[in-house]
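Listed below, chain by chain, are the residues.
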Amino acid sequence: MQNKKVVLAYSGGLDTSVCIPWLAERGYEVIAYMADVGQGIDTVAARRRAIGAGASKLMVDDLKKDFAEHYILPSLRANATYERDYLLATALSRPLIARRLVEVAKKERAECAAHGCTGKGNDQVRFEVTIRMLAPELKIIAPLREWDLTSREAEIEYAREHNIEIDVTSRSPYSIDMNLWGVSIECGVLEDPNVEPPRDAYQITTDPAASPDEPLYLSVYFEKGVPKKLNDSPMNPLDIIRELNKTGGAYGIGRADLIEDRLVGIKSREIYEAPAATILIAAHRALEALVLDRELLHFKEPLSQKYGYLIYTGLWETPLRRSLDRFFEETQRNVTGNVRMKLYKGTAVAVGRSSHFALYKKELATYTEEDAFDRNAAEGFIKIWSMPYGG
Ligand code: ARG
């Protein structure tokens, strides 16, 4: 028989809070597990809420460094995105949270794991696919999928009946997911794809129109594809990401307003903010363009897309993702150098790049006297290049 102990992935928000009494009413001892992936958590309030709702304890787990090093950095090496403009913040955090959930369940000898995702999103898939891959013996409970708690109003009513504190954030008209790599915002008026997102929907970025009138220059130094310095000061990647979220946010960098194709077959509208991710990917791409040869650069592109797709669809813990990581790591051998970025009213553009491994040769590219390119060779090259087509 299954023991009645469950580890619940707990965010502190309304959705996961109402899961606690629901599980408790069904005889479970609920251990609330809270992953800190840089969303900014109020541990005291979260503990009060979780325990107040009936959890036997709240565990807070600082995963920021792990998240930055083992999830964000590989994703940056790959320049991973989904449908071009979603930089995958939410999607990337799920396999890490699921992995830890499994570890905690094992340690606590719990036979069940639970999450507060709804039945129509991507996150339920990411959590459960990861859990099933790592620990197929764990029973998974998804209260919000089983429950006929269909509206937000009903949920709030249930929370009231069960003495769950409802703070200001849970009354926000939006559903917000936040971590180091970015913010995802949906629901409320955003559900009308024809309505411009209101100002209050954005959480960490200034409206570009209201951002500073002077551009800001900054430089990022990469070593084998890993950001190591910001403005020439050595920093760890986690601090670089935090700093760029702040600075980039003030310049309105990294907003996206998308219609995306969910894994479960529906199109949805979501807005995103990812200042650090936007700046770092742009800088990284600029450096790669300087140091990678054409074949490698071009070959990497569709694999990046595939990698982003694997992250989006919950297939992080797969042989293909691991294999691609090895490939991307190898591609970064020479991705060492400095990129100068210009931030201005919502845009982050590379305006300078330098590297010992640069394949750019001024004497070949120049149109001045210094030109060393062999034009005669071009003639023969063109002849042969066009030959297959009757040239
Ligand atoms: N659409 C994004 C994804 O599937 C984010 C989902 C969570 N969004 C939210 N606002 N809670 O990865």
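Structure: see above.
Residues numbered from 1 in each chain as written. Predicted model: local features only at pLDDT ≥ 70, side-chain atom pairs only at ≥ 80, totals over all residues. Heavy atoms only, no water.

### Describing the sheet that holds strand β14 (residues 347-354)
Then, in step 1: Judged by pairing direction, the sheet is antiparallel, and its 5 strands sit side by side in the order β10-β9-β8-β13-β14 without closing on themselves. Unpaired on one side and paired on the other, β10 (233-234) and β14 mark the two borders of the sheet.
Then, in step 2: Pairing geometry for strand β8 (residues 216-223) and strand β13 (residues 337-344), over 7 bridges, is antiparallel. If you follow Tyr221 over to β13, its bridge partner there is Asn338.
Then, in step 3: Across the sheet, helix α9 (residues 275-291) touches β8, β9 (226-230), β13 and β14, and the angle it forms with β13 is around 135°. (Pairing = 2+ DSSP bridges. Helix = DSSP H or I, 4+ residues; strand = E, 2+ residues; numbered from the N terminus. Contact = heavy atoms within 4.5 Å. Axes fitted to C-alpha atoms, helices over the stretch in contact; angles between N-to-C directions.)

### Here's the deal with the site of the ligand
Then, in step 1: Around the ligand sit 15 residues in total, of which Tyr86, Asn122, Arg126, Ser175 and Glu260 are the nearest.
Then, in step 2: Asn122 is positioned with one of its side-chain polar atoms (N or O) 2.6 Å from an oxygen atom of the ligand.
Then, in step 3: Ser175 is positioned with one of its backbone polar atoms (N or O) 2.7 Å from a nitrogen atom of the ligand.
Then, in step 4: Its free accessible area being 350 Å², the ligand has 92% of it covered by the protein chains. (Near = heavy atom within 4 Å. Polar contact = N/O pair within 3.5 Å; in protein donor to acceptor, adjacent residues only side chain to side chain. Areas by Shrake-Rupley, 256 points an atom, 1.4 Å probe, with all protein chains shown as cover.)

### Comments concerning the packing of aromatic side chains
Then, in step 1: Counted under the stated rule, the structure contains 12 aromatic pairs.
Then, in step 2: Summarising the aromatic geometry, the rings of Phe67 and Tyr71 are spaced 6.4 Å apart at their centres and angled 40° between planes, so their arrangement reads as tilted. Of this pair, Phe67 and Tyr71 both sit in helix α3 (residues 64-78), 4 residues apart, roughly one helical turn. Each member of the pair, Phe67 as well as Tyr71, is classed as buried.
Then, in step 3: Geometrically, the ring pair formed by Tyr86 and Tyr312 is edge-to-face, given 6.0 Å between the ring centres and 90° between the ring planes. Linking Tyr86 in the loop between α3 and α4 (89-107) with Tyr312 in helix α10 (residues 294-312), this pair joins segments that are 226 residues apart in sequence. (Phe/Tyr/Trp six-rings, centres within 6.5 Å; stacked < 30°, edge-to-face > 60°. Buried < 20%, exposed > 50% of the residue type's maximum accessible area, 1.4 Å probe, protein only.)

### Things to note about the pairing of strand β3 (residues 57-62)
Then, in step 1: Looking at chain direction, strand β2 (residues 29-36) and β3 are connected through 6 bridges and run parallel. Each bridged residue has a counterpart across the sheet, and for Asp36 the counterpart in β3 is Asp62.
Then, in step 2: The handedness of the β2 to β3 crossover, carried by helix α2 (residues 43-53), is right-handed. (Right-handed = clockwise from strand over helix to strand, strands pointing away.)

### A few points about the environment of Leu180
Then, in step 1: By secondary structure assignment, the location of Leu180 is in the loop between β6 (175-179) and β7 (182-186).
Then, in step 2: For Leu180 and Ala277, which are 97 residues apart along the polypeptide, the C-alpha to C-alpha distance reads 8.9 Å.
Then, in step 3: With sequence-adjacent residues up to four places away left out, Leu180 is seen in contact with Val37, Gly38, Lys64, Phe67, Ala68, Ile72, Leu238, Ile241, Arg242 and Asn245.

### Concerning the sheet that holds strand β1 (residues 5-9)
Then, in step 1: Spatial strand order, β3-β2-β1-β4-β5: 5 strands in an open sheet with parallel pairing. Both edges of this open sheet fall to β3 and β5 (139-141), since each of them pairs with a single strand only. Adjacent strand axes in the sheet meet at a mean angle of 25°, parallel and antiparallel pairs treated alike.
Then, in step 2: With respect to the sheet, α2 is in contact with β2 and β3, its orientation differing from that of β3 by roughly 145°.

### Regarding the side chain of Arg321
Then, in step 1: Structurally, the position occupied by Arg321 is in helix α11 (residues 319-331).
Then, in step 2: Its relative accessible area of 9% is what places Arg321 among the buried residues.
Then, in step 3: A distance of 2.7 Å separates a polar atom in the side chain of Arg321 from the backbone oxygen of Trp316.

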